[in-house]
Amino acid sequence: MLKATLRSFLAHKGRLALSALAIVLSVAFVAGSLIFSDTVTRTFDRLFASTAADVTVSPKEDLTSQIPSGVTPTLPASLAARIAGVDGVAATHVDASVTNLTVVDSRNDPVGPTTGAPTIAKNWYVTERSPVELTSGHAPQGPGEALLDADTARHKHVAIGDTLTILARPGSFRVRVVGIATFTTTNPGAALVFLDTPTAQSRLLGSPGAATSIAVDAAPGVGDARLKQRIANRLGSPAYDVKTASEQAKSDTDQLGAFLDVIKYVMLGFAGIAVLVGVFLIVNTFSMLIAQRTRELGLLRALGADRRQVRRSVLTEALLLGVVGSTLGLAAGIGLAAALIRLMSAFGMNLKSTEMVIGWTTPVAAYVVGVGVTFVAAYLPARRAAGVSPMAALADAEVAGVGRPLKLRAVAGAVVGALGAAALAGCARATKTAPAASLLGLGVVLTLVATVIAGPLLVRPVIRVLGGAFPALFGSVGRMSQRNALRNPRRTGATASALMVGLALVGGMSVASASMSTSFDQQIDKTLGADFVVQNSNFQPFPQEITARVRATEGVGLVVRQRFTPVAVRLPDGRRIESTAAGYDPRLDDVAHIAYTRGDTAAALADGSLAMDRKFASSHGVRVGSTIPVTFPAGRRADLRVGALTDQGGSGGFGTQGGLYFGMATLQKYVPDGQDSGLYVNAAPGTPKDELRSRLERTLDPYPQVQVRDQADYKKLVHDQIAVLLYLVYALLGLAIVIAVLGVVNTLALSVVERTREIGLLRAIGLARRQLRRMIRLESVVIAVFGAVLGLALGLVWGVCTQQVLALQGMEALEIPWGTIVAVVVGSAVVGVVAALLPALRASRMNVLAAIAHE
């Protein structure tokens, strides 16, 4: 049996190649994502471990926020002198480092990364742990001098002697580049600007006595943990975090973890799609191969092989295919990881492919995915093959019958489909986001499984409709292509399912994204009343001098400032919730339209008051007049009275939990060093909006980090952000289509082999080669369109239910992108034509007599 199995595998290696390619793609994405993330993690672990001081003292940050406030936590630089007196301290260094700034060159172009990595300005001092070394020029000496890192200087064409402008929170100032510093470790992609320590303290932090942290070097023979304890005892204050080198390195790595997880999970998403679609391809391939080997299997049974041996033979072939595919996929994954490393280097993160990390988990995961998926996919065809009697096989009976198994499919599909429909119906009726999202996920999985199970039952009614015009348009060739697609519903359903998965995903996400865009458009029209908004990207704050310049611009009538700050609120139900709150100037009603259920803007912005979203308030027992303890950064506390409740949708209207906001006077009292994140600007009476926009743009020309936007610009910004998610989905679709095309090619190729004698007879009675190619192309087109119809129908249902979940977050508009749907159907027909090219060409080149004589 082993010899027979190996010979069978080698005899069909060409037919198994396309299935192996699906495994290769799946494993490549799994292995590539693991290798890349492990390499980046190891690289940064080394970087942080090699550059962290023995002990670091920094301000304690109790509050976190996804929206920056512009406040840089500081501590007194005089602590360095106190710490220097601790037994075991060899040296202390004052750190003055900020990231909430912009650096521009003499042409007013930003000098910094465009990939999301920060621009960091800090004070210059040299230790054995410094990540950079001075390679040309000299160290900064005085307020007008700076160093720049070599990578940024090269990318931005900055040389020694050039002038840079630093736009920091206390104000902008100019410096001359007097030296270049080169990274001695991995460059994480950031831009580094170094100043002397007094300049960094006064011009970056706004105080000559401030520091962002104190770096401590331990004396020889003194352990980090022991020194940490001594320093903590000397300081005796809970306002400071004292960390050892390993603790600081772990903290830095954890902050980087979110970025790495995004890349890893995106790639694993591609792997998941490849695995899911590849399963259909493998099942179909083995089903057809077993059907074609009916006589061979029957002979084995007649010679004494029992069912278990036949099943084991087929599964052994699957395991061999899985091992080969996994091995090739692992090699491809290493290449993919190397390509990603080179890509990151192009974006400024200088990783080295020679330091690629391939942990033991990577090959294990690769072979588990590749071999496991192939084994599971081949199990049902193997079991079906083992169930054929020797006499039925010798009589060339069809292994893949259409009788009882399809009836079982109908029952199973109906049960699973009913459960899925019930879950989606529950999702549509849910009133809370968390249970609605859970029901949506369950409904998506169940309806997908039900459609896959019941797909063969839908083949005959749907394809009769889709191919109904073929006889009239293409005559007997069209009729035969339609009947070929109807001949084996299980095979047609499995082939179409591969395409269906990708298109269902795209259909659902297209409806969801279109609904989100329309909802945001309506929300912007409904709430934004200002003529213009001056704002940085991603709510990044900007220096106060920008606000002053905007106020002084000719034609400006009203400016309302917006600031954000992290807060923690203690609610009447006992819960402590961290969120982000906003502060606004008076006359907010002139630039925004806010719906109140209780109170008004005057009550919301009054000194000592705050506003809250009504749904958030109701769920936590808050009423107008309730007193809420609020904790601000640096441990400042206040008891604020709830002056108003708003109705701005599930997100509170500001994209933050609770929709908290208060007056600017209240915010400045407890966060005096905050920066503005947005300016709502109205034109003065008699000033045309277009003219004011031109003046504002000229005013803000020296500040490239901020833009002037009106409602149309805001809508475009939102659309572009949603498009990023949609592009990812389209990339997943592209992968699914590639594998689905392989599936159609494989099915048609094996079908041509299976129908060799039939094709020969058709050619013998006068069917021309061109007609034969057309017949196979039409069969491929109708299968592809069938998959598209199923996928889009399923995707529309998913999209509508997703919109119901979004409606709980205030995005209530439902928009169906019919143009995208029509384009997908047309594209599916094109996919069918492309997939049929090689099988049709092969069929048309068959020798007629040899085909007729084929067994």
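Above this note sits the structure.
Model, not experiment: these values are computed from the prediction. (Residues numbered from 1 in each chain as written. Predicted model: local features only at pLDDT ≥ 70, side-chain atom pairs only at ≥ 80, totals over all residues. Heavy atoms only, no water.)

Can you help me understand the overall build of the protein in this one?
A count of helical and extended segments in the protein gives 26 helices and 24 strands. If you line up the protein on its principal axes, its C-alpha atoms span 95 × 65 × 55 Å. Taking all 855 residues of the protein together, 51% fall into the buried category. Taking the intrachain contacts of the protein between residues at least 6 apart in sequence as the baseline, contacts between residues at least 24 apart amount to 83%. As displayed, the protein offers around 37,000 Å² of accessible surface, 58% of which is attributable to carbon and sulfur atoms. Taking the average place of the 81 positive charges on the side chains of the protein and the average place of its 59 negative ones, the gap between the two points comes to 15 Å. (Helix = DSSP H or I, 4+ residues; strand = E, 2+ residues; numbered from the N terminus. Buried < 20%, exposed > 50% of the residue type's maximum accessible area, 1.4 Å probe, protein only. Contact = heavy atoms within 4.5 Å. Areas by Shrake-Rupley, 256 points an atom, 1.4 Å probe, with all protein chains shown as cover. Lys, Arg positive; Asp, Glu negative; His and termini not counted. Charge placed at Lys NZ, Arg CZ, Asp CG, Glu CD.)

I keep staring at the packing of aromatic side chains and nothing clicks. Help me out?
Any pair of aromatic rings gets described here by the distance separating the centres and the angle formed by the planes. Under the counting rule described, the total for this entry stands at five aromatic pairs. Between the aromatic rings of Y584 and Y661, the centroid separation amounts to 5.8 Å while the plane-to-plane angle is 85°, which identifies the pairing as edge-to-face. Here Y661 lies in strand 22 (residues 661–663) and Y584 lies in strand 17 (residues 576–584), a separation of 77 residues in the sequence. With respect to burial, Y584 and Y661 carry one shared label: buried. (Phe/Tyr/Trp six-rings, centres within 6.5 Å; stacked < 30°, edge-to-face > 60°.)

Could you clarify how one ought to interpret the environment of D105 in this entry?
Take D105: it is sitting in the loop between strand 5 (102–104) and strand 6 (119–123). D105 sits in the buried class, given a relative accessible area of 9%. The spatial distance from the C-alpha of D105 to the C-alpha of V158 is 7.9 Å, given a sequence separation of 53 residues. When residues no more than four places from it in sequence are discounted, the contact partners of D105 are V111, T163 and L164. At a separation of 2.9 Å, a polar atom in the side chain of D105 contacts the main-chain amide nitrogen of D109. (Polar contact = N/O pair within 3.5 Å; in protein donor to acceptor, adjacent residues only side chain to side chain.)

I keep staring at the sheet that holds strand 13 (residues 213–218) and nothing clicks. Help me out?
Hydrogen bonds along the backbone pair up the strands of a sheet, which may run parallel or antiparallel. Taken in spatial order, the four strands of this open sheet run 3-13-1-14, and their pairing is antiparallel. The open sheet is flanked by strand 3 (89–95) and strand 14 (240–244), the only strands paired with a single partner. Each strand of the sheet is rotated relative to its neighbour by a mean of 20°, with strand direction disregarded. Both strand 3 and strand 13 contribute to a ladder of six bridges, which runs antiparallel. (Pairing = 2+ DSSP bridges. Axes fitted to C-alpha atoms, helices over the stretch in contact; angles between N-to-C directions.)

Help me understand the pairing of strand 6, please; the structure alone is not making it clear to me.
On a regular strand, each side chain points to the face opposite its neighbour's, so the side chains alternate between the two faces of the sheet. Here strand 6 lies mainly inside the structure; four of its five residues are buried. By the bridge criterion, two bridges tie strand 4 (residues 97–98) to strand 6 in an arrangement that is antiparallel. The residue bridging S97 from the neighbouring strand is K122, located in strand 6. Bridging between strand 6 and strand 11 (residues 191–195) involves five bridges; their strand directions are parallel. Bridge pairing in strand 11 links I120 to L192.

Can you help me understand helix 17 (residues 544–551) in this one?
Note on helix geometry: an α-helix contains 3.6 residues per turn, so any two residues three or four positions apart are oriented the same way. When we look at burial in helix 17, the residues that qualify are I546, T547 and V550. One face of helix 17 carries all of its buried residues, which in axial projection span an arc of 100°. Packing partners of the buried residues in helix 17 comprise strand 15 (532–536), strand 16 (556–570), strand 23 (678–683), helix 21 (689–699) and strand 24 (706–709). (Arc of directions from axis to C-beta.)

Whenever I open this one, the side chain of T492 confuses me. Can you help?
Looking at the secondary structure, you find T492 in helix 16 (residues 489–527). With a relative accessible area of 4%, T492 lands in the buried category. A distance of 2.6 Å separates the side chain of T492 from the backbone oxygen of A485, its partner in a polar contact. Excluding residues within four positions of it along the chain, T492 makes contact with V459, I463, A485 and I783.

Mind showing me how you'd approach the packing of helix 13 (residues 433–466) against helix 24 (residues 769–807) here?
To characterise two packed helices, one gives the angle between the axes of the helices and the distance between these axes. Interaxial distance between helix 13 and helix 24 falls to 9 Å at its minimum, and their mutual angle equals 155°. Put simply, helix 13 runs roughly antiparallel to helix 24. Note that helix 13 runs across helix 24; the crossing there is right-handed. Classifying every residue of the contact of helix 13 with helix 24 gives 19 nonpolar, five polar and no charged. (Parallel < 35°, antiparallel > 145°, perpendicular 65-115°, else oblique. Left-handed = near helix turned anticlockwise from the far one by under 90°. Nonpolar A, V, L, I, M, F, W, Y, C, P; charged D, E, K, R; others polar.)

I tried to follow the packing of helix 16 against helix 24 on my own but got confused; where do I start?
Contact geometry of helix 16 with helix 24 gives a least axis separation of 6 Å together with a crossing angle of 35°. As helix 16 packs across helix 24, the resulting crossing turns out to be right-handed. In terms of residue class, the contact of helix 16 with helix 24 is made up of 20 nonpolar, twelve polar and no charged.

What's the story with empty space enclosed by the protein in this structure? I'm lost.
Gaps left between atoms show up when a probe the size of a water molecule is rolled over them. Taken as a whole and assessed by the stated rule, the structure comprises four cavities of 30 Å³ or more. Roughly 100 Å³ of volume is contained in the largest cavity. Along the walls of the largest cavity sit 13 residues, with N484, R491, T492, S751 and E779 positioned nearest its centre. Mapped by element, the contributors of at least two residues to the lining of the largest cavity are helix 15 (476–487), helix 16, helix 22 (711–754) and helix 24. Take the lining of the largest cavity: its biggest share by element is four residues, from helix 22. Here the lining of the largest cavity is built from residues that sort into two nonpolar, six polar and five charged. Roughly 60 Å³ of volume is contained in the second largest cavity. Taken together, 14 residues line the second largest cavity, and the ones lying closest to its centre are F280, L281, N284, G743 and T747. Counting only elements with at least two residues in the lining of the second largest cavity, the list comes to helix 7 (245–292), helix 16 and helix 22. (1 Å grid on protein atoms, 1.4 Å probe; cavity = no way out; pocket = protein on both sides within 12 Å on 5 of 7 lines; lining within 4 Å. Points joined across faces, edges and corners; volume = space filled by probe spheres on them.)

How do you make sense of the pattern of salt bridges when you look at a structure like this?
Opposite charge on two side chains allows them to pair when their charged atoms are near. Counted by the stated rule, this structure contains 24 salt bridges. Of the charged contacts, one joins D710 and R693 as a salt bridge, the two residues approaching to 3.2 Å between their closest N and O atoms. One end of the pair, D710, is in the loop between strand 24 and helix 22; the other, R693, is in helix 21, with 17 residues separating them in the sequence. For D710, a relative accessible area of 22% corresponds to the partly exposed category. One continuous salt-bridge network, built from bridges that share partners, spans R693, E697, D710 and D713. (Salt bridge = Lys/Arg side-chain N within 4 Å of Asp/Glu carboxyl O.)

Looking at this structure, how should I read the side chain of D196?
Within the fold, D196 resides in the loop between strand 11 and helix 5 (197–204). Buried and without a salt bridge, D196 has R203 as its closest oppositely charged side chain, separated by 9.5 Å. At a separation of 3.3 Å, a polar atom in the side chain of D196 contacts the main-chain amide nitrogen of G142. Every residue in contact with D196, bar those within four places of it in the chain, is listed here: N123, P140, Q141 and G142.

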